[in-house]
Amino acid sequence: MPLQNRVTPLSELIADPARGLVYGNRGCLHDEHGRIRRRFAVKRWIACRLEFKGWRRNALLQPGRFTELFFLDEATAFAAGHRPCALCRREDYVRFGEIWSELHPERVGADRIDEQLHAERMAPGGKERRLHRARLADLPNGAFVLESGVPWLVLGSELLRWTPAGYSERRSRTPSVRATLITPPSLVEVLHVGWEPVVALFHPSAR
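Residues numbered from 1 in each chain as written. Predicted model: local features only at pLDDT ≥ 70, side-chain atom pairs only at ≥ 80, totals over all residues. Heavy atoms only, no water.

Visitor: Even after reading the chapter, I still don't get the packing of helix α2 (residues 90-103) against helix α4 (residues 185-193), so can you show me in this structure?
Guide: The angle between the axes and the distance between the axes are what describe a pair of packed helices. Where α2 meets α4, the closest approach of the two axes is 10 Å, and the angle between their N-to-C directions is 110°. As summarised for this structure, α2 and α4 are arranged roughly perpendicular, according to the angle between their axes. The residues of α4 that touch α2, namely those facing Arg95, Phe96, Ile99, Trp100 and Leu103, are Ser186, Leu187, Glu189, Val190 and Val193. Of the residues contributing to the contact of α2 with α4, the split by class is seven nonpolar, one polar and two charged. (Axes fitted to C-alpha atoms, helices over the stretch in contact; angles between N-to-C directions. Helix = DSSP H or I, 4+ residues; strand = E, 2+ residues; numbered from the N terminus. Parallel < 35°, antiparallel > 145°, perpendicular 65-115°, else oblique. Contact = heavy atoms within 4.5 Å. Nonpolar A, V, L, I, M, F, W, Y, C, P; charged D, E, K, R; others polar.)

Written as structure tokens, this is what we have:
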């Protein structure tokens, strides 16, 4: 039975057998039986490499340890509100910090970044996901929008429907439409600058 540790663009945790290309965590979210009990435990939501220095856990969702999360790709991790890990993705983290400091010179450093992202991804009270509004014409490749409860990836002149296994349906992007934006605005700004991470920005099905 698949574990409930696949992350959707809306930052929800689901159980699905499909494999993701990006790994991450946001603290310990499960109980001693491996059941998910909370949406997050800390404000530091990170996205990691699948492999790093041969480190491996023989069993996932161990009691008292952080909950191992998996994302379809980096675009999904960004939409969920995760930023690059400073340990396993040091090069990405440094580049991310440089871009961030140019965009938000008054809010630099990991703690300030995480506070800003948390305010953009969670509604006051921390129980509901916060969404935003934006014109489709203003969104860069890699941003996600929500239509009729379904996440869609913005890529070129198209919108691609997200699924846990990859991108399926495609349709044309209508630039003048104002859409419900899933990706936190600060991460949309990073995508606008041009984000080229060491992990996969897009799942191969997006090509």
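Visitor: Sorry if this is basic, but what is going on with the sheet that holds strand β9 (residues 150-155) here?
Guide: Pairing between the strands of a sheet is mediated by backbone hydrogen bonds and can be parallel or antiparallel. An order of β7-β12-β8-β9-β10-β11 is seen for the six strands of this open sheet, with the pairing classed as antiparallel. Bordering the open sheet on either side are β7 (132-135) and β11 (166-172), each of which pairs with just one other strand. Averaged over neighbouring strand pairs, the angle between their axes works out to 45° when direction is ignored. Relative to strand β10 (residues 158-163), β9 runs antiparallel, the two being bridged by four bridges. When the bridges of β10 are listed, leucine 153 appears paired with leucine 160. (Pairing = 2+ DSSP bridges.)

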